[in-house]
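# Structure at a glance
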Amino acid sequence: MKGHDYSAVGYYFLTIVTEGRLELFRHVSAGRFLPNEAGLMITQCINSLEARFNGLELLNSAVMPNHVHLIIFNNNGHNISEVMRQFKATTSRMYKKGMAKNGWKEYGLRLWQRSFFDIIIRNQRMFDYINNYVSINPERWAYDKINDGHGQRTDEIYKEINDLR
């Protein structure tokens, strides 16, 4: 968000998407994820964020086939942009090793799209809505705009969250 201090204490909803929306981490069947090794690696990296960044709390996350959602509480002045840069760099390195060693699906020039999507969570209603969205995201994959195969009806999460501000 233009002009926002990303080291400010607060709650953040973050989404990062694979370059070209490649489905590299898992697939969904009957509303359930079937993770592959790459998806498990991404999950491990997410779960290590709190240890790597003292004062950062991971409140919820979802590893989707081609993107990752995180809800983070930044209580220690970490620059969220730097946290995301390091997360993307670490997962990219580890994914490349998995391609070489384990034959993981290849990608183009980079694993992740540039930057990230973010929403600063400003109130409890926003938090509750986003937290629920992240929790049920696998069940809603068929309606997800980041799913290139979504149906006619799609989730309008960003519009709905803006209405809660």
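Above: the structure in question.
Below: a short report on this structure. Because the structure is a prediction, the values reported are computed rather than measured. (Residues numbered from 1 in each chain as written. Predicted model: local features only at pLDDT ≥ 70, side-chain atom pairs only at ≥ 80, totals over all residues. Heavy atoms only, no water.)

Let us look at the overall build of the protein. Of the regular secondary structure elements, the protein holds five helices and six strands. Scanning the protein from its N terminus toward the C terminus, one meets helices and strands in the order β-β-β-α-α-β-β-α-β-α-α. Sorting the 165 residues of the protein into buried and exposed places 43% on the buried side. Here the analysis covers contacts within the protein between residues at least 6 apart in sequence; of these, 68% occur between residues at least 24 apart. A total accessible area of about 8,900 Å² is found for the protein, and carbon and sulfur atoms account for 48% of it. (Helix = DSSP H or I, 4+ residues; strand = E, 2+ residues; numbered from the N terminus. Buried < 20%, exposed > 50% of the residue type's maximum accessible area, 1.4 Å probe, protein only. Contact = heavy atoms within 4.5 Å. Areas by Shrake-Rupley, 256 points an atom, 1.4 Å probe, with all protein chains shown as cover.)

So, on to the sheet that holds strand β4 (residues 56-63). Reading across from one edge, β4-β5-β1-β6 is the order of the four strands in this open sheet, with antiparallel pairing throughout. Looking along the sheet, the strands with just one partner apiece sit at the ends: β4 and β6 (117-121). In this sheet, adjacent strand axes meet at a mean angle of 15 degrees when their direction is disregarded. (Pairing = 2+ DSSP bridges. Axes fitted to C-alpha atoms, helices over the stretch in contact; angles between N-to-C directions.)

Turning next to the packing of helix α1 (residues 37-47) against helix α3 (residues 80-102). Helix packing geometry: the angle between the two helix axes and the distance between the axes. Following both chains from N to C, one finds α1 and α3 inclined at 150 degrees, their axes separated by 10 Å at the closest point. One element, α1, and the other, α3, form an angle in the roughly antiparallel class. Here α1 runs over α3; the crossing is right-handed. Counted together, Glu37, Ala38, Met41, Ile42, Cys45 and Ile46 of α1 and Phe87, Thr90, Thr91, Met94, Tyr95 and Asn102 of α3 form the full contact between these two elements. A per-class count over the contact of α1 with α3 returns eight nonpolar, three polar and one charged. (Parallel < 35°, antiparallel > 145°, perpendicular 65-115°, else oblique. Left-handed = near helix turned anticlockwise from the far one by under 90°. Nonpolar A, V, L, I, M, F, W, Y, C, P; charged D, E, K, R; others polar.)

So, about the pairing of strand β5 (residues 67-74). With eight of eight residues buried, β5 is to be regarded as a mostly interior element. Of the two faces of β5, the one holding His67, His69, Ile71 and Phe73 and the one holding Val68, Leu70, Ile72 and Asn74 are both buried throughout. Pairing analysis gives seven bridges linking β4 to β5, with the strands arranged antiparallel. Note on β5: the bridge partner recorded for Leu56 is Asn74. Linkage of β4 to β5, two consecutive antiparallel strands, is achieved through a turn of three residues.

Overall, the coordinates contain nine aromatic pairs when judged by the stated rule. Three or more aromatic residues link up through ring pairs in this structure, and these residues are Phe25, Phe87, Tyr95, Trp104, Tyr107 and Trp112. (Phe/Tyr/Trp six-rings, centres within 6.5 Å; stacked < 30°, edge-to-face > 60°.)

Moving on, we get to α1. Buried residues of α1: Ala38, Gly39, Met41, Ile42, Cys45 and Ile46, and no others. End-on view of α1: buried residues confined to an arc of 160 degrees, all on one side of the axis. The exposed set on the far side of α1, more than 90 degrees from its buried face, consists of Gln44 and Asn47. Structurally, the start of α1 carries an N-cap: the backbone nitrogen of Ala38 is 3.1 Å from a side-chain oxygen of Asn36. (Arc of directions from axis to C-beta. Polar contact = N/O pair within 3.5 Å; in protein donor to acceptor, adjacent residues only side chain to side chain.)

Any functional reading would require information that these geometric values do not contain.
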